[in-house]
Amino acid sequence: MTLSSKLRCLRHPSLAVALALAPTASVDAQPVVQDIGQNAPQTVAGQTFQAYLQTVGARARREGVSDATVSRVLTGLVPNQRVIELDSAQPSRSTTPPPIAPYIAQHVGSSIIARGRSRYAELSGMLPAIERRYGVPAPVLFAIWGHETNYGSYVGDFDLARSLATLAWEGRRRALFEGELVALLKMVDQGVPTYRLKGSWAGAFGYPQFLPSVYLRLAVDGDGNGTRDIFSSPADTIASIANYFRDAGWRPGQPWGVPASLPPGFNANAYATKLAAPSCDRVHARHGQWKTVSEWRSLGVTPQRALGGDVLASLFQPDGPGTPAYLLTGNYRVILQYNCSNYYALSVGLLADEIAR
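In this text, all values refer to a predicted model and were calculated from it rather than measured experimentally. (Residues numbered from 1 in each chain as written. Predicted model: local features only at pLDDT ≥ 70, side-chain atom pairs only at ≥ 80, totals over all residues. Heavy atoms only, no water.)

Draft legend 1. Looking closely at the overall build of the protein. Secondary structure summary: the protein contains 16 helices and 9 strands in total. Here the protein holds 357 residues, and the buried ones make up 53% of them. Intrachain contacts of the protein at a sequence separation of at least 6 include 73% that bridge at least 24 residues. Carbon and sulfur atoms make up 53% of the accessible area of the protein, which amounts to about 14,800 Å² in all. (Helix = DSSP H or I, 4+ residues; strand = E, 2+ residues; numbered from the N terminus. Buried < 20%, exposed > 50% of the residue type's maximum accessible area, 1.4 Å probe, protein only. Contact = heavy atoms within 4.5 Å. Areas by Shrake-Rupley, 256 points an atom, 1.4 Å probe, with all protein chains shown as cover.)

Written out as structure tokens, the structure reads:
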């Protein structure tokens with residue numbers, strides 16, 4: 001699920017997944033063996049790991065977490081050197097983005113499409129109610145589920161408390177990861193069993209790879225059994241992703257975008273955006289100006305599927321002249337809030353279209 005982009009969009013639920021996968025990573029990525037911790041540094045900024053855990057425990061208690069939960073989750077933790085190595089090894093931002101077509105070919109292949117269609121058919125009975133409640137098309141929800149964990153086949157096996165504690169103590173993004181560690185303690189206090197606390201090395205977990213703070217805020221009970229089980233319940237998973245998208249501003253009745261054809265010699269650069277995005281700026285800077293579909297049509301840009309003339313859209317031709325182009329709606333930007341990466345968002349949209357066929 002892609003790491004570097006998620007760090008630039010902090011409301012993203014699966015930041016940890018983002019951290020774990022580069023643009024060429026496979027949806028069938030294999031688990032990484034965890035280091036037992038004996039090679040981890042002894043102190044960071046003059047503070048031992050155990051002293052830091054005491055600080056976190058005190059904060060958690062101030063925020064209402066019980067002594068029993070603090071003791072049960074934090075006692076016995078040691079730093080995970082493998083997590084530190086993975087965090088330190090994140091790729092720097094490239095000046096020239098690599099081509100998007102190979103990523104699409106890998107992540108929207110026949111295998112993941114077939115699995116998505118199979119799961120969609122299997123769960124079709126529950127989907128209309130979720131679509132009515134949240135206003136998000138089920139194929140989009142399945143595309144997220146497929147992209148994040150291959151429909152639940154691999155969710156990560158890192159100890160979440162240990163990973164988050166290591167990342168917070170290490171200090172590069174202490175505010176982020178300490179907050180997620182405290183949120184994890186609150187989850188346990190609310191009844192989430194500790195045996196469930198496994199996931200990505202950067203703290204995401206469950207079928208949709210939510211971070212703890214997002215679980216607390218947006219996970220929902222989709223099957224009516226009184227729990228928010230995104231660890232094994234497809235209904236809770238699909239409904240929780242839908243709730244995330246509704247909260248992020250999904251516009252019912254609009255697609256994420258559509259393929260578009262351009263007239264010969266069309267210069268997309270002439271319509272580059274003039275807006276500066278407050279976050280994920282490099283991602284949004286690659287999109288064109290916002291125009292109505294009717295305005296794009298007047299310039300010779302033709303949507304290849306139905307899209308209302310008054311819908312605002314942005315032109316995106318990621319691999320340059322002569323390659324596929326798209327008109328993106330505001331709903332594409334909602335997908336970007338899940339993972340701020342054009343590679344991710346475009347592949348999710350295209351996978352959703354294939355599942356829906």
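Moving on, there is more to tell.
Draft legend 2. Structural detail: the state of the cysteines. Following the criterion strictly, the structure yields 1 disulfide and no others. Linked covalently through their sulfurs, C280 and C340 form a disulfide whose S-S length is 2.3 Å. Residue C280 is found in the loop between β5 (257–261) and α13 (281–284), and its partner C340 is found in the loop between α15 (330–338) and α16 (342–356); the two are separated by 60 residues along the sequence. (Disulfide = S-S within 2.5 Å.)

Draft legend 3. Focus on the nonpolar core. The biggest cluster of nonpolar side chains holds 91 residues, and the ones touching the most others in it are L74, F245 and L346. In terms of residues, this core owes the most to one element, α16, which gives 9 residues. In this structure L74 touches L53, V56, G57, L181 and L185, once residues within four positions along its chain are discounted. If you look at the next biggest cluster of nonpolar residues, it comprises 12 residues, including V258, F266, W296 and A313. (Core = buried A, V, L, I, M, F, W, Y, C linked by side-chain atoms within 4.5 Å.)

Draft legend 4. Broad picture of the packing of aromatic side chains. Counted by the stated rule, this structure contains 20 aromatic pairs. An angle of 15 degrees between the planes, with centres 5.6 Å apart, marks the rings of F205 and F231 as stacked. Linking F205 in the loop between β4 (198–199) and α11 (212–218) with F231 in the loop between α11 and α12 (234–248), this pair joins segments that are 26 residues apart in sequence. A relative accessible area of 14% places F231 in the buried class. Judged by centre distance (5.9 Å) and plane angle (70 degrees), the ring pair of Y271 and W296 falls under edge-to-face. Taken together, the positions of Y271 in the loop between β5 and α13 and W296 in helix α14 (residues 293–298) put the pair 25 residues apart, joining distant regions of the chain. Put simply, the rings of Y120, F142, W145, Y151 and Y207 touch in pairs and so form one group of aromatic residues. In this structure, R228 is placed above the aromatic ring of Y215, and the distance from its NZ or CZ to the ring centre is 4.6 Å. (Phe/Tyr/Trp six-rings, centres within 6.5 Å; stacked < 30°, edge-to-face > 60°. Lys NZ or Arg CZ within 6 Å of the ring centre and 35° of its normal.)

Draft legend 5. The arrangement of the confidence of the model for the protein in detail. For the protein, mean pLDDT is 89; residues scoring 70 or higher make up 87% of the total. When the criterion is pLDDT under 50, residues 1–12 qualifies, and its contacts beyond four places in sequence or with other chains add up to 69 contacts. Across residues 15–36 the pLDDT falls below 50, and counting only partners more than four positions away or on other chains, this stretch makes 81 contacts in the model. (pLDDT = per-residue confidence, 0-100.)

Draft legend 6. Representation of the pairing of strand β8 (residues 312–316) within the structure. In terms of residue burial, β8 counts as a mostly covered element, since 4 of its 5 residues are buried. Taken together, the 3 bridges between strand β6 (residues 290–292) and β8 define a ladder with antiparallel strand orientation. Opposite T292, over in β8, you have L312 as the bridge partner. Of the strand pairs in this sheet, β8 and strand β9 (residues 325–328) are connected by 3 bridges, and their pairing is antiparallel. Following the sheet pairing, L315 is matched in β9 by L327. (Pairing = 2+ DSSP bridges.)

Draft legend 7. The arrangement of the side chain of T237 in detail. Structurally, T237 can be placed in helix α12. Look past the residues within four positions of T237 in its chain and what remains in contact with it is W145, Y207, P208, D229 and I230.

Draft legend 8. Region of interest: helix α6 (residues 110–122). Between the first and last C-alpha of α6 there are 18 Å, a value that for 13 residues agrees with the 18 Å anticipated at 1.5 Å per step. Along α6, the residues classified as buried are I112, I113, G116 and R119. All buried residues of α6 project into a common sector of 135 degrees when viewed along the axis, lining one side. Looking at α6, the residues exposed on the side facing more than 90 degrees away from the buried face are S110, A121 and E122. (Expected span 1.5 Å × (residues − 1). Arc of directions from axis to C-beta.)

Draft legend 9. Seen up close, the sheet that holds β5. The sheet built from 5 strands is open, its strands ordered β6-β8-β9-β5-β7 with antiparallel pairing. Pairing within the sheet leaves two strands with one partner each, and these edge strands are β6 and β7 (302–303).

Draft legend 10. Molecular detail of helix α4 (residues 81–88). Every buried residue of α4 is accounted for by Q81, V83, I84, L86 and D87. In this structure, the buried side of α4 is in contact with β3 (158–159) and α9 (160–170).

Draft legend 11. Focus on unusual backbone geometry. One non-glycine residue, Y151, lies in positive phi territory at about 60 degrees. Along the chain, Y151 turns up in the loop between α8 (138–149) and β3. Located in the positive-phi region is Q209, a residue other than glycine, with phi close to 55 degrees. Note that Q209 resides in the loop between β4 and α11.

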